[in-house]
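Here is what each chain is made of, one letter per residue.
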Amino acid sequence: MADRVTVIGWDGSPLTAAGRSALSAATLVAGAAHHLALPEVPPGAERIRLGSVDLAARRIAGHRGTAVVLADGDPGFFGVVRTLRAPEHGLEVEVVPAVSSVAAAFARAGMPWEDARTVVAHQRTLRRAVNVCRAHPKVAVLTSPGAGPAELALLLEGVHRTFVVCEELGTDREQVSVLTSDKAADHTWRNPNVVLVIGGTTGGTPAAPWLSGQDPSAPPVRGWALPTEEYEPRGHGTGDPAARTGAGEDPSLRAAQLARLGPRVGDLVWDVGCAGGAFAVDAARFGAAVIAVDTDPTACARTEQAARRHGVPLQTVQGRAPHVLENLPEPDVVRIAAGGVPVVTACTDRRPERIVAHASTRDEAEAVGAALADGGYTVESLLLQTVGLDPDDWSERERSVVFLLSGRRTDHPHP
């Protein structure tokens, strides 16, 4: 095993005294091509081109001498330190940090970033990274080949964002470009790059957050599945009480649906039949990306108003399901409030992890449950009854009875 392993971050600045000292004593140096070309690398040291960090770690573990690993930015922030310290390698490392590429990118843009989300985009995680960009107004994306600015832009189709693309930070080839997301796919970008994805804010002057990675613009509403009036106060929207009432809009049903879907950061939620937007806003407040669908343009407008009121970004799509669903990006979880069996079948064909729907009669519930089962989902059926009471005299104010159908994909490894 190597006598000593030092990981040195490099951000284009001259190496620190600690970095120069460790590098001058190295008998093995691992890094990218531009790291191995640094004049401080000892000419007699063994050199490893850093492709697979796991492979390099095995070489280092078998080396007798002093090893140095050079990495861009802060190697402890989405960097090589995690892999080198994995138990299977048994390496103890010292770290000489540098400015992270995310910090450098926001510095180039002249923006604060304590309220930003940071995601890593590989080909296997690209869709989830895009969902974070849909759901949050300030995201730093650490890209990789095949999951860069162009691919981000293509998957964000229909969602307007501003891209700040920082190529080859810290080198003499550094380039910073600011453009709208719809233009990013028209360019060829150099690796490595960091993309700042900005937009979807609700306006106003943002306050300083107290927790890193949180958007301070969202109002501090406590709880989910609030009364419908919290999302569309009376006197707003259409003014039609029927648009805000009924079993499908009951807060208790909404709470049960949210509990079974479990929307989270990185997910894309479809809300088919969004009505006044209460469910869509609830899901967005969990940090998920949301596409709210309705045939009624007024319902889409009310959903957008509710989203602005609660400080969350979401996308509305006006059209009739199931046809309008064909061009939407792949969902992780789906709530179906309208359309019946044809919409259920269209959604099971897209293979989300979980689907919830509701019905007002047993015949409807049986048909929806059968469609979920035929689509490869384990089905749970519940009859939910809620009775609103007047606390002054405990008289009944309103009653809701509804069937809740939920499906979990049978071939998904994490139910």
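Scoring rules and cut-offs
- Residues numbered from 1 in each chain as written.
- Predicted model: local features only at pLDDT ≥ 70, side-chain atom pairs only at ≥ 80, totals over all residues.
- Heavy atoms only, no water.
- Helix = DSSP H or I, 4+ residues; strand = E, 2+ residues; numbered from the N terminus.
- Buried < 20%, exposed > 50% of the residue type's maximum accessible area, 1.4 Å probe, protein only.
- Contact = heavy atoms within 4.5 Å.
- Areas by Shrake-Rupley, 256 points an atom, 1.4 Å probe, with all protein chains shown as cover.
- Lys, Arg positive; Asp, Glu negative; His and termini not counted.
- Charge placed at Lys NZ, Arg CZ, Asp CG, Glu CD.
- Core = buried A, V, L, I, M, F, W, Y, C linked by side-chain atoms within 4.5 Å.
- Pairing = 2+ DSSP bridges.

Asker: How should the overall build of the protein chain be read in this particular structure?
Answerer: Counting its secondary structure elements, the protein chain contains 14 helices and 17 strands. Judged by the C-alpha coordinates and their principal axes, the protein chain covers about 85 × 45 × 45 Å. Evaluated residue by residue, the protein chain yields a buried proportion of 48% over its 415 residues. Excluding contacts between residues fewer than 6 apart, the proportion of contacts in the protein chain whose partners are at least 24 apart in sequence is 62%. By element, 52% of the accessible surface of the protein chain is carried by carbon and sulfur atoms, the whole surface being about 19,700 Å². Side-chain charges of the protein chain comprise 40 positive and 49 negative groups, with the mean position of each set lying 4 Å from the other.

Asker: I tried to follow helix H6 (residues 126–135) on my own but got confused; where do I start?
Answerer: An α-helix turns once per 3.6 residues; consequently, residues spaced three or four apart project the same way. Burial of H6 is extensive: eight of the ten residues sit out of reach of the surface. Residues of H6 that are buried include every one of Leu-126, Ala-129, Val-130, Asn-131, Val-132, Cys-133, Arg-134 and Ala-135, and no others.

Asker: Help me understand the environment of Val-139, please; the structure alone is not making it clear to me.
Answerer: Relative to the helices and strands, Val-139 resides in strand E7 (residues 138–142). For Val-139, a relative accessible area of 0% puts it in the buried group. Aside from chain neighbours lying at most four places away, what touches Val-139 is Arg-117, Val-119, Val-132, Cys-133, Val-195, Leu-196 and Val-197.

Asker: Looking at this model, I keep getting lost on the nonpolar core. Mind explaining?
Answerer: Nonpolar side chains in soluble globular proteins tend to be buried together. Counting residues in each nonpolar core, the largest one holds 26 residues, and the members touching the most others are Trp-270, Leu-325, Ile-336 and Cys-347. Counting only elements with at least two residues in this core, the list comes to strand E11 (268–272), strand E12 (289–294), strand E14 (333–336), helix H13 (340–349), strand E15 (354–359) and helix H14 (362–374). The leading source of residues in this core is H14, at four residues. Other than its neighbours up to four places away in sequence, Trp-270 contacts Ile-291, Leu-325, Leu-328, Pro-329, Pro-331, Val-333, Val-334, Arg-335, Cys-347 and Arg-350.

Asker: Explain the pairing of strand E2 (residues 28–31) here, please?
Answerer: Along any regular strand, the residues point their side chains to alternate faces of the sheet. Covered by surrounding structure in E2 are Leu-28 and Ala-30 together with Val-29 and Gly-31, the residues of both alternating faces. Here E2 pairs with strand E3 (residues 46–49) via four bridges, running parallel. Of the residues in E3, the one forming a bridge with Leu-28 is Glu-46. Here three bridges tie E2 to strand E4 (residues 66–72), and the two strands are oriented parallel to one another. When the bridges of E4 are listed, Val-29 appears paired with Val-68.

Scope: geometric values only; no functional claims are made or implied.
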